[in-house]
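# Remarks on the overall topology
Read off the chains here:
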Amino acid sequence: MSYRTAVTRTALATVAVALAALAPPAMAQGVGAFKPTGNMTAARYSATATLLTNGKVLLAGGNSGAGAISSADIYDPATGKFTPTGSMGSARYYATATRLANGRVLIAGGYGATSMLASAEIYDPVNGQFTPTGSMNYQREFATANLLPDGTVLVAGGAGVSSVLASAELFDPQEGVFTELGSSSSMGVARDYATATSVAGGKVLVAGGDSTSGFLASAEVFDPVSGSFSPTTGSLTAAREAAGATALADGKALVVGGYGNSGFLTSANVYDPATGNFTATGNLGVAREVPLTVLLESGKVFVAGGWSTLGSLSGAELYDPASGRFSPTGSMVAKRAWGTATRLADGKVLVAGGWGPSGGSGGYRSLASAEVYDPNGTPMPAVTWAVANGQRTVTATIVRLPATTYTLTAKKGSTTKTGRCTVWSAKVVCTLRPGAGNWRFAVTPRADGVAGVATTKPFSLRS
């Protein structure tokens, strides 16, 4: 089951340290830039993050690395700082969080101090406090939760105490009660670690996940009018759990990455509610499970971080629905898996917490750090070019971002030569003397095994 495989792969982080040490560091290129912001008051991974109606973000619960925590923080984009708010009644991670129509936030289920939880609580931004509400009919972690057009919340699937669940329930905010859907209205397949996306018509697409029989490619749709699930016409092109999913501007849904029968996945699918079918679209540049996905104001989809054979990832990509392709964008300052990503009111994206390298100790830890992605950030790398030694040697000086590598090459016809790059504090200096002729030089960044967008410049050199 996914709650076991996820824990197993998290435990393998110590093994992945050796791989991460060999992996290419973070890349910084393409339009879009990450900048550090204030730290949370507690390190946390697998927390919940919810944009509030006042433009601030609620970060709640998570795992500190030593177990579930109950504390919560509020992030203020105006100051770039996190401040503590009221704590939850129960420590929990792998929970769901849903902003209700009245602006309050429902936190449900998850894993607590010793077991999965059925309890739920509501956060009120006015007084900054959590209060208990009715409990779910089942204990569940890795479940999905979606706000429906009538203001109720659909909670479906997840890992239960003894098995993966097919059951679903509706939460009524006015009554504070969860009502289980009948067996004929619940999902046709038990699944946890699935994706759940609101699509056109107010319906909810639940896709993939894991079950007692293995990874799933099947999907089903909940119709709030009929109050029941029905299978989609088509299935995902590959079975997967722990994928990323985002509702697109046209009412379709993007499902990307995850972990399947062949391991970590690069493939992505687009679901069309008009036909009920999935179609393959461009592949990610880097295979990743638990990727962070956010729809940007431009209609493109931000995909960042996650977990792979390299361990936690820092690279980020943008999906363009118009072209059906992914392209690299600015890389995160920190490598993160099981973090959170929230689009802010100004169109930027807050990325917080997660599970990442602990630095010099060579291990992994829960993270308190956070950063903000600006889709309109400065293109990178920033390169200063110079020619010396009588028009014979080209030097490229690059502003160095944390854990970033670069390669300097020169191409003339079919001939390509590579220079030498040296790190000097906050800069990287690359030099190359390729010989006489008209050469095109390029500085190329690289992260997570994938080359980014190069900065190029032509030079005519002497012998």
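Preceding this paragraph is the structure being described.
Anyway, here's the lowdown on the structure attached to this text. (Residues numbered from 1 in each chain as written. Predicted model: local features only at pLDDT ≥ 70, side-chain atom pairs only at ≥ 80, totals over all residues. Heavy atoms only, no water.)

## Focus on the nonpolar core
To keep it simple, the criterion reads: What is meant by a nonpolar core is a set of buried Ala, Val, Leu, Ile, Met, Phe, Trp, Tyr and Cys residues, joined one to another through side-chain atoms within 4.5 Å. Any residue under 20% of the maximum accessible area for its type is buried, any over 50% is exposed, and the rest in between are partly exposed; the area is computed with a 1.4 Å probe on protein chains only. Put simply, DSSP H or I for four residues or longer makes a helix, DSSP E for two residues or longer makes a strand, and each gets a number counted from the N terminus.
Core analysis: the largest hydrophobic core is formed by 16 residues, its most contacted members being Trp-385, Ile-398, Leu-408, Phe-441 and Val-443. Among the secondary structure elements, those contributing two or more residues to this core are β37 (383–388), β38 (393–399), β39 (405–412), β42 (427–432), β43 (437–447) and β45 (455–461). Counting residues in hydrophobic clusters, the runner-up holds 14 residues, among them Ala-159, Tyr-193, Ala-337 and Trp-338.

## So, the pattern of salt bridges
As a reminder, the rule being used: Basic side-chain nitrogens of Lys or Arg form a salt bridge, by our definition, when they fall within 4 Å of a carboxyl oxygen of Asp or Glu.
Going through the model one piece at a time under the given rule, you end up with seven salt bridges. Of the charged contacts in the structure, one is a salt bridge between Arg-92 and Glu-121, with a shortest N-O distance of 2.8 Å. Of this pair, Arg-92 sits in the loop between β5 (81–85) and β6 (96–99) while Glu-121 sits in strand β8 (residues 120–124), and the two are 29 residues apart along the sequence. Given a relative accessible area of 2%, Arg-92 falls into the buried group. Taking the shortest distance from any N to any O, the salt bridge between Glu-169 and Arg-140 comes out at 2.6 Å. One end of the pair, Glu-169, is in strand β12 (residues 168–172); the other, Arg-140, is in the loop between β9 (129–133) and β10 (144–147), with 29 residues separating them in the sequence.

## Brief notes about the sheet that holds strand β19 (residues 228–231)
Filter applied, for reference: Pairing between strands is defined by DSSP: at least two bridges between them are needed. Axes, fitted as lines to C-alpha atoms, cover a helix only where it is in contact. Angles between the N-to-C directions of the axes lie from 0 to 180 degrees.
What the four strands build is an open sheet, ordered β14-β15-β18-β19; its pairing is antiparallel. Strands with a single pairing partner mark the edges of an open sheet, and in this sheet they are β14 (195–198) and β19. Looking at each pair of strands side by side, their axes are set apart by 25° on average, direction ignored. The pairing of β14 with strand β15 (residues 204–207) spans four bridges and is antiparallel. Among the inter-strand pairings, Ser-198 is bridged to a residue of β15, identified as Val-204.

## Observations concerning unusual backbone geometry
Even without a glycine there, the phi angle at Ser-46 is positive, about 55°. Tracing the chain through its elements places Ser-46 in the loop between β1 (33–37) and β2 (48–51). Within the chain, Trp-338 stands out as a residue other than glycine whose phi angle is a positive 60°. In this structure Trp-338 comes out as buried when scored by relative accessible area, which is 6%.

## Some remarks on the packing of aromatic side chains
Formally: Here the aromatic set is Phe, Tyr and Trp, taking the six-membered ring for Trp, and pairing holds for ring centres within 6.5 Å; pairs whose planes are under 30 degrees apart are stacked, those over 60 apart are edge-to-face, and all others are tilted.
Within this structure, the stated rule accounts for 22 aromatic pairs. When the centroid spacing of 6.3 Å and the interplanar angle of 65° are considered together, the rings of Tyr-45 and Tyr-93 count as edge-to-face. In this pair, Tyr-45 sits in the loop between β1 and β2 while Tyr-93 sits in the loop between β5 and β6, placing the two residues 48 residues apart along the sequence. The burial state of Tyr-45 is the same as that of Tyr-93; both residues are buried. Between Trp-385 and Phe-459, the aromatic rings sit 6.0 Å apart at their centres with planes inclined by 55°, giving tilted as the arrangement. One end of the pair, Trp-385, is in strand β37; the other, Phe-459, is in strand β45, and 74 residues separate them in sequence. Each of the two residues, Trp-385 as well as Phe-459, counts as buried. Taken together, the aromatic side chains of Tyr-45, Tyr-93, Tyr-94, Tyr-111, Phe-142, Tyr-193, Trp-307, Trp-338, Trp-355 and Tyr-364 make up a single cluster linked through ring pairs.

## What about the environment of Gly-299?
On the secondary structure map, Gly-299 appears in the loop between β26 (292–295) and β27 (301–304). Overall, Gly-299 belongs to the buried group, its relative accessible area being 17%. For the pair Gly-299 and Pro-321, spaced 22 residues apart in the sequence, the C-alpha separation amounts to 7.5 Å.

## A short note on the sheet that holds strand β36 (residues 370–374)
Pairing is antiparallel in the open sheet, where four strands are placed in the order β1-β36-β33-β32. The sheet terminates laterally at β1 and β32 (340–343), the two strands that pair on one side only. The average angle at which neighbouring strand axes cross in this sheet is 25°, direction not considered. In terms of strand pairing, strand β33 (residues 349–352) meets β36 through four bridges, oriented antiparallel. When the bridges of β36 are listed, Val-349 appears paired with Tyr-373.

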